[in-house]
Number of protein chains: 2
Amino acid sequence: MKWEENVRKVVPYVAGEQPRKRNIIKLNTNECPYPPAPGVKKLAEEMEYASLRLYPDSGAKVLAEALAEYYHVSPEQVFVGVGSDDVLAMAFMTFFNSERPILFPDVTYSFYDVWADLYRIPYRTCPLDEDWHIRPEDYGQPNGGIIFPNPNAPTGLAESLESVEKILEANRDVVVIVDEAYVDFGGTSALPLLEKYDNLLIVQTFSKSRAMAGLRIGFCIGNEKLIGYLNDVKFSFNSYTMNLPAQVLGVEAVRDDRYFKEITGKIVATRERVKGELKRMGFSFPDSGANFIFATHEDIPASELFEALRKADIYVRHWNRPRISNFLRITIGTDEQMDELLAFLEKYIKTWKNGEKI
Amino acid sequence: MKWEENVRKVVPYVAGEQPRKRNIIKLNTNECPYPPAPGVKKLAEEMEYASLRLYPDSGAKVLAEALAEYYHVSPEQVFVGVGSDDVLAMAFMTFFNSERPILFPDVTYSFYDVWADLYRIPYRTCPLDEDWHIRPEDYGQPNGGIIFPNPNAPTGLAESLESVEKILEANRDVVVIVDEAYVDFGGTSALPLLEKYDNLLIVQTFSKSRAMAGLRIGFCIGNEKLIGYLNDVKFSFNSYTMNLPAQVLGVEAVRDDRYFKEITGKIVATRERVKGELKRMGFSFPDSGANFIFATHEDIPASELFEALRKADIYVRHWNRPRISNFLRITIGTDEQMDELLAFLEKYIKTWKNGEKI
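Fair warning: this is a prediction, and the values are worked out from it, not measured in the lab.

Caption draft 1: The arrangement of the relation of the copies chain B and chain A in detail. After a rotation of 180° and a shift along the axis of 0.0 Å, chain B superposes on chain A with an RMSD of 0.0 Å. Here the transformation between the copies is reduced to the relation of a two-fold axis. Among all C-alpha atoms of chain B, that of Glu45(B) lies closest to the rotation axis, at 2.7 Å. Here 100% of the contact residues of chain B are again contact residues in chain A; the copies associate through an equivalent surface.

Below, the structure written as structure tokens:
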């Protein structure tokens with residue numbers, strides 16, 4: 001049809017499966033295995049439903065203020081969005097307007113090239129080294145902007161603050177985005193670098209460590225000028241993006257710091273235990289600082305394990321992509337969920353080694 | 001700073017004031033004066049808060065299905081977004097990729113030119129006639145797409161299905177978007193034209209007639225192919241845009257049709273009554289089919305009335321724009337709110353006519 005000629009054609013991002021089945025072990029989209037802070041339920045019940053008839057505050061001020069207080073910045077340094085994907089998409093549109101390619105790692109969050117394509121932003125990928133680390137020196141080449149996650153996904157590997165600063169030092173004239181979706185599980189945030197670098201934007205999310213993927217809350221922190229530009233673009237796109245429940249309940253998640261530390265601590269402890277078990281079974285992996293482990297087995301192909309797990313209603317993530325096709329990304333669930341996963345793998349590997357088909 | 005060179009600079013949309021004060025009469029952003037359907041509160045209280053830890057369904061299937069059933073289309077013909085602004089922004093990005101200008105009325109929703117600027121889409125405006133009607137013949141010129149609201153905003157004037165079809169007949173090769181944000185207050189939807197025109201996209205919202213501006217729900221209905229392209233772009237932007245509360249509570253708003261008809265009926269009755277009163281006081285206005293009246297007074301400048309109302313904590317909307325600077329857009333509130341507005345105006349006009357300053 002003729003009207004199709006003017007359609008923006010894109011290859012969309014493919015998210016992890018979200019099976020509707022109950023009673024599955026869902027370790028494929030890096031959600032938190034624990035519920036949101038207990039106060040969230042209480043606050044939701046107290047919410048004044050009549051006020052849903054009104055537009056929510058377009059700047060989500062209550063939430064921006066709670067985040068500013070928590071991270072010791074000013075509210076003008078905080079921008080909130082509908083999940084960190086919304087924040088990142090806005091940042092791509094706002095800051096990556098150069099003719100020069102933006103740079104990001106070859107193995108990374110698979111939405112970056114999708115946004116670049118969507119907004120017609122040229123890009124170049126920089127290969128991670130053999131140990132899956134980012135090589136700061138790669139980011140010295142001419143570019144129109146830089147983005148990388150820290151810890152990186154799907155490797156889970158965290159980079160030191162020194163590495164991050166090396167990249168910033170070499171790039172004072174473009175915006176550098178550090179995507180810290182997984183930072184609360186043991187990574188080091190670039191927040192201390194904010195005072196020194198006015199071109200640094202740090203993006204975080206409520207979907208992992210704050211157990212609120214279902215509410216869609218992401219945010220970023222940066223220089224006030226940077227945030228101002230982001231707001232201009234956001235207000236040219238949709239004035240009211242974050243709904244009332246997200247604003248009200250999000251604040252509660254930030255306030256309950258004890259609960260936040262408790263669940264992230266539990267996930268880290270489970271992760272470390274699972275690392276030991278997986279190693280024992282012949283898996284190897286970058287030393288994850290995130291809420292997932294990116295593992296490969298010494299004998300059994302990842303695609304085979306992926307299918308076997310899936311049949312057993314254990315969902316993990318697998319990509320048919322260069323360099324990573326023999327890896328599984330396994331979200332850290334509860335201890336009970338991980339025990340079921342480990343028991344299944346143990347049995348599967350044993351049978352496999354005996355040359356039997358399962 | 002050097003990094004600012006690559007920043008996308010835009011003149012953002014300016015939304016109506018959202019004063020935080022209580023006890024004001026808020027007739028400036030076309031919200032519904034009645035609360036959402038009673039079932040919404042109940043459902044919200046029953047919601048399983050633990051499931052907020054999980055990503056919501058990315059296609060908001062429950063809501064798309066409820067809308068499909070209500071409007072007698074297939075779920076594949078429905079796309080939902082974070083308010084109709086989200087849906088419209090996605091539609092601009094998806095469908096208006098031509099070098100030719102898109103067309104919309106000179107007096108219309110003031111976000112259209114903002115989106116065009118944001119996405120670097122050329123555009124041309126077509127003047128409404130002297131009675132504020134769209135002239136279908138204007139839309140016969142070469143173009144890259146068409147968008148108009150019906151009823152139009154801020155005039156409130158509804159066009160006949162015949163006029164809409166005339167525009168579609170002359171434009172089979174581009175996407176034609178009819179923005180029906182206000183259709184539930186007496187306009188005629190273009191839905192019956194969907195079977196005949198595969199390039200027609202109809203956009204609606206829960207923010208006005210369904211009393212849910214605070215939840216951010218918009219949707220559009222069109223040919224499956226059109227919706228498919230829209231989904232591709234949406235999934236290249238943000239997989240999970242609509243949060244769990246919006247999906248769950250939105251369904252309830254669609255299901256309670258009795259309540260929906262009751263509140264829209266009440267608003268229409270109030271509007272008709274207010275029209276009579278305003279006329280009596282020397283106001284004139286296009287014959288609104290929406291939940292607002294776009295009125296000008298025979299003697300007193302709109303800007304003066306706007307300021308006087310504002311001082312009395314009655315908020316209406318006023319624009320300093322060509323053709324409409326002497327008009328006020330007054331949202332239809334409850335009968336009590338409108339009585340306060342009318343009483344204020346009556347008194348103000350009387351004093352004004354006596355040559356006194358207030």
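Still more ground to cover, so stick around.
Caption draft 2: Broad picture of the pattern of salt bridges. Residues and elements named next belong to chain A. Under the definition given, this model contains 38 salt bridges over all chains. A salt bridge links lysine 2 to glutamate 5, with the nearest nitrogen and oxygen atoms 3.6 Å apart. Overall, the relative accessible area of 45% leaves lysine 2 in the partly exposed class. A residue is classified by how much of its surface remains accessible, and glutamate 5, at 56% relative accessible area, is exposed. Among the charged side chains, a network of salt bridges with common partners joins Arg271, Glu272, Lys275 and Asp287.

Caption draft 3: Fine view of the interface of chain B and chain A. Opposite the 88 residues of chain B that make contact, chain A presents 88 residues. Carbon and sulfur atoms supply 57% of the area that chain B and chain A bury against each other, a total of about 7300 Å² over both sides. Summed over the shared surface of chain B and chain A, the number is 44 residue pairs in polar contact (both at pLDDT 80 or more). Those elements that place two or more of their residues in the side of chain B that touches chain A are helix H1 (38–46), helix H3 (83–95), helix H4 (112–118), helix H6 (224–234) and helix H7 (244–255) of chain B.

Caption draft 4: Layout of the packing of aromatic side chains. Counted under the stated rule, the structure contains 49 aromatic pairs over all chains. Aromatic side chains Phe111(A) and Trp115(A) sit 4.3 Å apart centroid to centroid with 10° between the ring planes, which places their arrangement in the stacked category. There is no split in this pair, since Phe111(A) and Trp115(A) are both buried. Both rings, one in Phe104(B) and one in Tyr112(B), keep their centres 5.6 Å apart while their planes meet at 65°; by these two values the pair is edge-to-face. For the pair formed by Phe104(B) and Tyr112(B), the shared burial category is buried. Members of the aromatic cluster, joined through ring pairs, are Tyr13(A), Phe92(A), Phe96(A), Phe104(A), Tyr109(A), Phe111(A), Tyr112(A), Trp115(A) and Tyr123(A). Stacked on the ring of Phe235(A), the Lys or Arg Lys234(A) has its end atom at 5.2 Å from the ring centre. Above the ring of Phe292(B), the side-chain terminus of Arg329(B) is found at 5.6 Å from the ring centroid.

Caption draft 5: Structural detail: the side chain of Lys234(A). All names here are of chain A. For lysine 234, the position within the fold is in helix H6 (residues 224–234). For the buried lysine 234, which has no salt bridge, the nearest side chain bearing the opposite charge is aspartate 86, at an N-O separation of 6.5 Å. For lysine 234, the side chain forms a polar contact with the main-chain oxygen of serine 58, separated by 3.2 Å.

Caption draft 6: Spatial organisation of empty space enclosed by the protein. Applying the stated criterion to the full structure yields six cavities of 30 Å³ or more. Approximately 380 Å³ is the volume found for the largest cavity. If you trace the largest cavity, you find 29 residues lining it, with Tyr55(A), Tyr13(B), Tyr109(B), Tyr182(B) and Lys208(B) closest to the centre. Taken together, the residues of the lining of the largest cavity break down into 12 nonpolar, 11 polar and six charged. Lining the second largest cavity are 14 residues; nearest its centre among them are Val82(A), Thr241(A), Asn243(A), Thr241(B) and Asn243(B).

Caption draft 7: Seen up close, the environment of Gly222(A). Residue and element names in this part refer to chain A. Considering the arrangement of structural elements, one finds glycine 222 in strand E8 (residues 218–222). Considering only alpha carbons, one finds glycine 222 and arginine 120, 102 residues apart in sequence, at a separation of 25 Å. Those residues in contact with glycine 222, other than ones at most four positions away along the chain, are Gln77, Leu194, Leu200, Leu201 and Ile227.

Caption draft 8: Representation of the packing of helix H1 (residues 38–46) of chain A against helix H7 (residues 244–255) of chain A in the model. Residues and elements named next belong to chain A. H7 packs onto H1 with a crossing angle of 150° between their chain directions and a minimal axis gap of 9 Å. In terms of their interaxial angle, H1 and H7 are classed as roughly antiparallel. Like other packed secondary-structure pairs, H1 and H7 cross with a definite hand, here right-handed. Between H1 and H7, the contacting residues are Gly39, Val40, Leu43 and Ala44 on the first element and Val248, Leu249, Glu252 and Ala253 on the second. In terms of residue class, the contact of H1 with H7 is made up of six nonpolar, one polar and one charged.

Caption draft 9: Up close: the sheet that holds strand E9 (residues 283–284) of chain B. Residues and elements named next belong to chain B. Spatially, three strands are ordered E9-E10-E12 in an open sheet, and the strand pairing comes out antiparallel. This sheet does not close on itself; its edge strands, each paired only once, are E9 and strand E12 (328–331). Where E9 and strand E10 (residues 292–297) come together, two bridges link them in antiparallel fashion. If you follow phenylalanine 283 over to E10, its bridge partner there is histidine 297. Contacts from helix H10 (residues 335–353) reach E9, E10 and E12 within the one sheet, and its direction differs from that of E12 by about 145°.

Caption draft 10: Focus on the side chain of Glu180(B). Residue and element names in this part refer to chain B. Within the element layout of this structure, glutamate 180 appears in the loop between strand E6 (176–179) and strand E7 (200–205). At 3.0 Å, the side chain of glutamate 180 and the side chain of glutamine 204 are in polar contact. If we skip the residues at most four places from it in the chain, glutamate 180 touches Asn150, Thr188, Ser189, Ala190, Ile202, Val203 and Gln204.

Caption draft 11: The nonpolar core, seen in detail. Leu63(A) and Leu63(B) are the most contacted members of the largest nonpolar core, which totals 187 residues. Membership of the second largest hydrophobic core comes to 74 residues, among which are Met93(A), Ile177(A), Val233(A) and Ile121(B).

Cut-offs used in this document
Residues numbered from 1 in each chain as written. Chains lettered and ligands numbered in written order. Predicted model: local features only at pLDDT ≥ 70, side-chain atom pairs only at ≥ 80, totals over all residues. Heavy atoms only, no water. Least-squares fit on C-alpha atoms with pLDDT ≥ 70 in both. Contact = heavy atoms within 4.5 Å. Salt bridge = Lys/Arg side-chain N within 4 Å of Asp/Glu carboxyl O. Buried < 20%, exposed > 50% of the residue type's maximum accessible area, 1.4 Å probe, protein only. Buried area = accessible area lost by both parts, 1.4 Å probe. Polar contact = N/O pair within 3.5 Å; in protein donor to acceptor, adjacent residues only side chain to side chain. Helix = DSSP H or I, 4+ residues; strand = E, 2+ residues; numbered from the N terminus. Phe/Tyr/Trp six-rings, centres within 6.5 Å; stacked < 30°, edge-to-face > 60°. Lys NZ or Arg CZ within 6 Å of the ring centre and 35° of its normal. Lys, Arg positive; Asp, Glu negative; His and termini not counted. 1 Å grid on protein atoms, 1.4 Å probe; cavity = no way out; pocket = protein on both sides within 12 Å on 5 of 7 lines; lining within 4 Å. Points joined across faces, edges and corners; volume = space filled by probe spheres on them. Nonpolar A, V, L, I, M, F, W, Y, C, P; charged D, E, K, R; others polar. Axes fitted to C-alpha atoms, helices over the stretch in contact; angles between N-to-C directions. Parallel < 35°, antiparallel > 145°, perpendicular 65-115°, else oblique. Left-handed = near helix turned anticlockwise from the far one by under 90°. Pairing = 2+ DSSP bridges. Core = buried A, V, L, I, M, F, W, Y, C linked by side-chain atoms within 4.5 Å.

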